[in-house]
Amino acid sequence: MERTLIGELGSYAGRAVSISGWVDVRRDQGKMVFFDFRDRSGLVQGVVLPGSSAMEAAKDIRNEYVVRVEGTVNKRPEKNVQPGRQNGDIELEVKSIEVLNPSDAMPFDISGDTGGIDESVRAEYRYLDLRSNRMQKNMRVRSEFVRRCREYLFSKQFIEIETPLLTESTPEGSRDFVVPSRLHPGSFYALPQSPQQYKQLLMTAGFERYFQIARAVRDEDLRADRGFEHSQVDLEMSFVTMEDVMAAVEDMMTTVVEAMGYSIKEKPFPRISYKDAMEKYGADKFDMRTPEEKEKGVLAYAWVVNFPFFEKTDEGGWTFTHNPFSMPIPEHLEWLMKGERIGEILTTQYDLVCNGFESGGGSIRAHKPGILEAAYKAMGFSAEELEERVGHMLKAFRYGTPPHGGIALGIERNVMNLTGETYLREVQAFPMTRGGQTAVMKAPKPLTDKQLKELGLKVDKK
Ligand code: ASP
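First things first, this report covers the structure right here in the doc. (Residues numbered from 1 in each chain as written. Predicted model: local features only at pLDDT ≥ 70, side-chain atom pairs only at ≥ 80, totals over all residues. Heavy atoms only, no water.)

## Overview of the overall build of the protein chain
Moving on, step 1. Across its full length, the protein chain holds 13 helices and 17 strands.
Moving on, step 2. When its C-alpha atoms are laid out on the principal axes, the protein chain stretches across 90 × 60 × 40 Å.
Moving on, step 3. Looking at the protein chain alone, contacts between residues at least 24 apart form 65% of all its contacts between residues at least 6 apart.
Moving on, step 4. On the protein chain, roughly 23,800 Å² of surface is accessible, and the fraction owed to carbon and sulfur atoms is 51%.
Moving on, step 5. Taken as two groups, the 62 positive and 70 negative side-chain charges of the protein chain have centres that lie 3 Å from each other. (Helix = DSSP H or I, 4+ residues; strand = E, 2+ residues; numbered from the N terminus. Contact = heavy atoms within 4.5 Å. Areas by Shrake-Rupley, 256 points an atom, 1.4 Å probe, with all protein chains shown as cover. Lys, Arg positive; Asp, Glu negative; His and termini not counted. Charge placed at Lys NZ, Arg CZ, Asp CG, Glu CD.)

As structure tokens, this is what we get:
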């Protein structure tokens, strides 16, 4: 018999069906054995009646066994209906159970919220943790968020382009993860901290509207909302102003989250300058929700603009606050070009905040070589250092690069807001532990002597 999904059993009353899935719970009441069976579409109660030929099998089966079950869908008598519960008005009268694969006893209980279970145990058995209801929901919310963003961007003529994972170290502000080269011993690739430079080069290449669901890898101190790896809805547009990019992103976010059933506190999204945000909230990420709105899962978006372009380094020089490739606001371009009033220059950076998190950030870029040069000069780069760092960008900008700007939205942080989770690891399938250990598999780990030799590496064992 063909498989029927559990979620569809409601329309099969009185009929014989075959389902496949996991034993969620088994309750042995002696004469009768009750089950909850689970598949990707939900749960249904099954009952093995006295005298059933399935009784012997039912006695041996344990939680999390994978089974194929044949039986009849019966309407429950009125008094046994469980309103509000999926399939609460039906029951599967089990005629036969085939064990497709048994299961060892679970290392921890997955029937409830697994958030309190020891982190390293959850990581080791992440594939079991992911079976729990909350993790299934979180992964599905994430998938839906990404799918809807993609669909929106396709509908606005964006095209999806992948950029390299093995790339050059970029000045994005964090430490790089590096990959040794076998062909060039002693030389290293860096994993991308973001596709920033490639997406700008795609504007030079004339695509005008690019997006990518991009991985960004940064060797940063791990925090609740920060891991080594995260994903971004990364986009870039040509012939646009700040207003254009912000309007496009605002429309995308509104379309996506409202279609997912969420409500937004204020539309259009309020805007606040960095200075006012610091005065009002003491931070550039803030939560504008009332306690009731928090309760209801309302999304309170706001744009933060007018950030300073540069900040002082410990050594007394200047460094960028957000993105070295940004353009100053038009009123301050002249100061940058003259190398004046560096600390007062504001950038075209726009950050989208939501419920206390940074949901995204981007800017209009310097698209002329002279402007990018001036930004690097303000940060004290010599002509040679400038050439070494961004010579390839300066070169590209000499070949008709259009004005452009973009943004990256952090997928994890947005999904945290949608699900109400406070830890990044709750919205990633295979996150790292706080100690930087991979889930299930055991990285990082030493290379063999043969691998080291091939890569021309010697390890200084501290
Ligand atoms: N590259 C920036 C980031 O990853 C985003 C952007 O400016 O588009 O934060």
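Now that the structure has been shown, the text picks up again.
## Here's the deal with the sheet that holds strand β12 (residues 301–305)
Moving on, step 1. On the basis of which strands lie adjacent, the open sheet formed by eight strands has the order β6-β9-β10-β17-β16-β15-β12-β11 and mixed pairing. The sheet is open, and its two borders are formed by β6 (159–160) and β11 (271–273), each paired with just one other strand.
Moving on, step 2. With five bridges connecting them, strand β16 (residues 357–364) and strand β17 (residues 404–410) associate as antiparallel partners. Residue pairing for β17: Ile364 is matched across the bridge by Gly405.
Moving on, step 3. Seen against the sheet, helix α6 (residues 242–259) touches β10 (229–238), β11, β12, β15 (350–354), β16 and β17 and runs at an angle of roughly 165 degrees to β12.
Moving on, step 4. Contacts from helix α12 (residues 411–419) reach β9 (209–217), β10, β15, β16 and β17, with the element oriented near 50 degrees to β17. (Pairing = 2+ DSSP bridges. Axes fitted to C-alpha atoms, helices over the stretch in contact; angles between N-to-C directions.)

## So, the nonpolar core
As a rule of thumb, nonpolar side chains are buried together in soluble globular proteins.
Moving on, step 1. Of all hydrophobic cores here, the largest spans 63 residues; its most connected members are Phe145, Met252, Met253, Tyr301, Phe310, Tyr350 and Leu372.
Moving on, step 2. Considering every element that reaches this core, the biggest residue donor is α6, with eight residues.
Moving on, step 3. Beyond its immediate sequence surroundings of up to four residues, Met253 is in contact with Phe145, Glu258, Phe269, Tyr301, Leu352, Ser359, Leu409 and Asn414. (Core = buried A, V, L, I, M, F, W, Y, C linked by side-chain atoms within 4.5 Å. Buried < 20%, exposed > 50% of the residue type's maximum accessible area, 1.4 Å probe, protein only.)

## Quick look at the environment of Asn63
Moving on, step 1. Considering the arrangement of structural elements, one finds Asn63 in the loop between α1 (55–60) and β4 (66–75).
Moving on, step 2. In sequence terms Asn63 and Asn414 are 351 residues apart; their C-alpha atoms lie 34 Å from each other.
Moving on, step 3. Once residues lying within four places of it in the same chain are set aside, the contact partners of Asn63 are Val23, Asp24, Val25, Arg26 and Ser103.

## Remarks on the pattern of salt bridges
Moving on, step 1. According to the stated counting rule, one finds 38 salt bridges in the structure shown.
Moving on, step 2. Across the salt bridge formed by Lys59 and Asp28, the nearest N and O atoms sit 3.0 Å from each other. One end of the pair, Lys59, is in helix α1; the other, Asp28, is in strand β1 (residues 16–28), and 31 residues separate them in sequence.
Moving on, step 3. Linking Glu412 and Arg142 is a salt bridge whose minimum nitrogen-to-oxygen distance equals 3.2 Å. You can see Glu412 sitting in helix α12 and its partner Arg142 sitting in helix α4 (residues 133–155), a full 270 residues away along the chain. Accessibility classification places Glu412 together with Arg142 in one group, the buried group.
Moving on, step 4. Linked by salt bridges that have partners in common, Asp113, Glu119, Arg122, Arg126, Asp129, Arg134, Glu421, Arg425, Glu426 and Arg434 make up one network. (Salt bridge = Lys/Arg side-chain N within 4 Å of Asp/Glu carboxyl O.)

## Notes on unusual backbone geometry
Moving on, step 1. With an omega of -15 degrees, the peptide bond running from Lys267 to Pro268 counts as cis.
Moving on, step 2. Structurally, the position occupied by Pro268 is in the loop between α6 and β11.
Moving on, step 3. Notably, Phe239 is not glycine yet its phi reads approximately 60 degrees, a positive angle.
Moving on, step 4. Structurally, the position occupied by Phe239 is in the loop between β10 and α6.
Moving on, step 5. Of note, Asn306 is a non-glycine position whose phi angle comes to about 60 degrees, a positive value.
Moving on, step 6. Tracing the backbone through its elements, the reader meets Asn306 in the loop between β12 and β13 (310–312).

## Here we look at helix α5 (residues 196–204)
Moving on, step 1. Of all the positions in α5, only Gln196, Gln197, Lys199, Gln200, Leu202 and Met203 are classed as buried.
Moving on, step 2. Each element contacted by the buried residues of α5 is listed here: β9, β10, α11 (383–397) and β17.

## Let's talk about a nonpolar patch on the surface
Moving on, step 1. On the surface, Leu165, Leu166 and Tyr189 cluster together to form a nonpolar patch covering roughly 280 Å² of accessible area.
Moving on, step 2. For Tyr189, the location among the structural elements is in strand β8 (residues 188–190).
Moving on, step 3. You can call Tyr189 partly exposed: its relative accessible area is 32%. (Patch = residues over 30% accessible without salt bridge, like charges linked within 9 Å, V, L, I, M, F, W, Y side chains within 5 Å.)

## A look at the pairing of β1
Moving on, step 1. Looking at chain direction, β1 and β4 are connected through seven bridges and run antiparallel. Bridge pairing in β4 links Val17 to Gly71.
Moving on, step 2. Sheet analysis places β1 next to strand β2 (residues 33–39), joined by six bridges and oriented antiparallel. The residue of β2 that forms the bridge with Val25 is Asp36.
Moving on, step 3. Between β1 and β2, which pair antiparallel one after the other, the connecting turn spans four residues, and Gly30 there sits at a positive phi close to 85 degrees.

## Some points on the packing of helix α10 (residues 369–378) against α11
Moving on, step 1. Interaxial distance between α10 and α11 falls to 9 Å at its minimum, and their mutual angle equals 160 degrees. With respect to α11, the axis of α10 lies roughly antiparallel. With respect to the hand of their crossing, α10 and α11 are arranged in right-handed fashion. Between α10 and α11, the residues in contact are Pro369, Leu372, Glu373 and Tyr376 and Leu386, Val390, Met393, Leu394 and Phe397, respectively.
Moving on, step 2. Grouping the constituent residues of the contact of α10 with α11 by class yields eight nonpolar, no polar and one charged. (Parallel < 35°, antiparallel > 145°, perpendicular 65-115°, else oblique. Left-handed = near helix turned anticlockwise from the far one by under 90°. Nonpolar A, V, L, I, M, F, W, Y, C, P; charged D, E, K, R; others polar.)

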